[in-house]
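Coordinates in review
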Amino acid sequence: MKKQSVAKIILIYFFKTIGILALLVGVGVLSYYLTMLYFKQTDKQERSTTYTHVISVNAGAESSNLIYSYNENDGQIGAMMLELFDQNTKNMSYVTIPTNTQITISQALYQELLKVNGSLPQVMRLTDIQTYFTGDVAYEYGIRILQDTLPVDIGYFTAMPDSKFKIYYEYGVGREGCYSPTNAYITSMKKCTTKSDMDDMITDLWDEQISDITLSQKLNYSESLAKVNWDFVHVYCLKGNDDGSVFTIDAKKSKKLISDIWECEAYTQAQYETAVPEQESVDEQNIEILNGSAIDGLASRYQKNMQADGLSVVNIGNYTGIKQETSTIYAKNVKWAKKNLRSYFPHPKNVAVEKAGELDEGIDVQIVLGVDADE
């Protein structure tokens, strides 16, 4: 009997051991498949990590996102616009780039891009980028070509099929020649009142889009996006000349438009009430520019740039005090000076604008240029 008991106990422990081993193997197999599923999903979402970027991707506090709409059959670009979102003011703005925009690529960039595609023309329409570049990186080449003419920071891109784009944006409603968010899109965004709500929406829509930032980077905007007043979204059109077939960008005016958007305080009006950030008439202000940087020709350079935009620069000269490291604007009308003059400087937000004391007769604004004005 004792021998049978011992044998029975051995069998019981044997089968228990086999069962434990089988359980461990099952857990291991399940973990493997769950891990592979995770990496499969991650790889699907993080497609921006699968190629070498040709721009410095930047998902910063000031989100500058170039949105493309493309045809699902041939990949051709159907619409382009800049989405500008300031996390500090919670301002959301859109700047439409006409589909017939034509750009002459600078010689330096053209020689570089010829190494990628030898058939690339030096004069091309932005909507033709998919003809000369392939893959997701083509959208980044579009950014490089656009920035070659329009010297503004564009941090990343988002591309979506025409069918999806039309759900979110419509043409010419509220502003002729511009794209605006659809009522359906605005209604959806208004429902996302918390970071968690916005996280869910962005994640749900992520697979419908192509981008060169990751999902986690996009989710960094969720908390701020949930605080946007979607009734006050503003839309604008890029500045330039359209002869009916070709749109040519006016780089100075377009750069100033975008700079003004970034400089604007929190929006308090609906998009159709304000064509551009409110500005007073520029011809009422007489400007004097004094060079306090000791850099030859700096005042003359600023004079030419401002006069080209219609500003009245009536006098330039040298500042008689000590060398100035930073620039200062002294104005009778501080609000006007902030909105119309800061954008000419390399770092607009760093330029101090102060209420003027006594100025010479006929002078409304005095600009004292510092070393920082030469970057």
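Reading the values: rules and limits
- Residues numbered from 1 in each chain as written.
- Predicted model: local features only at pLDDT ≥ 70, side-chain atom pairs only at ≥ 80, totals over all residues.
- Heavy atoms only, no water.
- Pairing = 2+ DSSP bridges.
- Helix = DSSP H or I, 4+ residues; strand = E, 2+ residues; numbered from the N terminus.
- Axes fitted to C-alpha atoms, helices over the stretch in contact; angles between N-to-C directions.
- Contact = heavy atoms within 4.5 Å.
- 1 Å grid on protein atoms, 1.4 Å probe; cavity = no way out; pocket = protein on both sides within 12 Å on 5 of 7 lines; lining within 4 Å.
- Points joined across faces, edges and corners; volume = space filled by probe spheres on them.
- Nonpolar A, V, L, I, M, F, W, Y, C, P; charged D, E, K, R; others polar.

Observations concerning the sheet that holds strand β6 (residues 156-161)
What holds strands together in a sheet is hydrogen bonding between their backbones, with the strands either parallel or antiparallel. Here we have 6 strands laid out as an open sheet, ordered β9-β6-β1-β2-β3-β10, and mixed in their pairing. The sheet is open, and its two edges are formed by β9 (210-211) and β10 (234-237), each paired on a single side. Judged from the 9 bridges that link them, strand β1 (residues 62-70) and strand β2 (residues 77-86) form a sheet pairing that is antiparallel. Paired with Ser-69 across the strands is Ala-79, a residue of β2.

Some thoughts on the sheet that holds strand β16 (residues 352-355)
Pairing is mixed across the open sheet formed by 5 strands, whose spatial order is β14-β13-β17-β15-β16. Of all the strands in the sheet, the pair left with one neighbour each is β14 (312-318) and β16. Each adjacent strand pair in this sheet contributes to an overall mean axis angle of 20°, direction not counted. Here strand β13 (residues 286-291) runs beside β14; their pairing, made up of 6 bridges, is parallel. In the sheet register, Ile-287 faces β14, and the bridge partner there is Val-313. Along the sheet face, helix α11 (residues 298-308) touches β13, β14 and β17 (365-369) and points at about 175° away from the line of β14.

A few points about the layout of surface pockets
Of the volumes computed, that of the largest pocket is approximately 590 Å³. Along the walls of the largest pocket sit 22 residues, with Glu-62, Asp-153, Trp-262, Pro-346 and Pro-348 positioned nearest its centre. The set of elements that each furnish at least two residues to the lining of the largest pocket consists of β1 and α10 (251-263). The leading source of residues in the lining of the largest pocket is α10, at 5 residues. Residues of the lining of the largest pocket, tallied by class, amount to 9 nonpolar, 8 polar and 5 charged.

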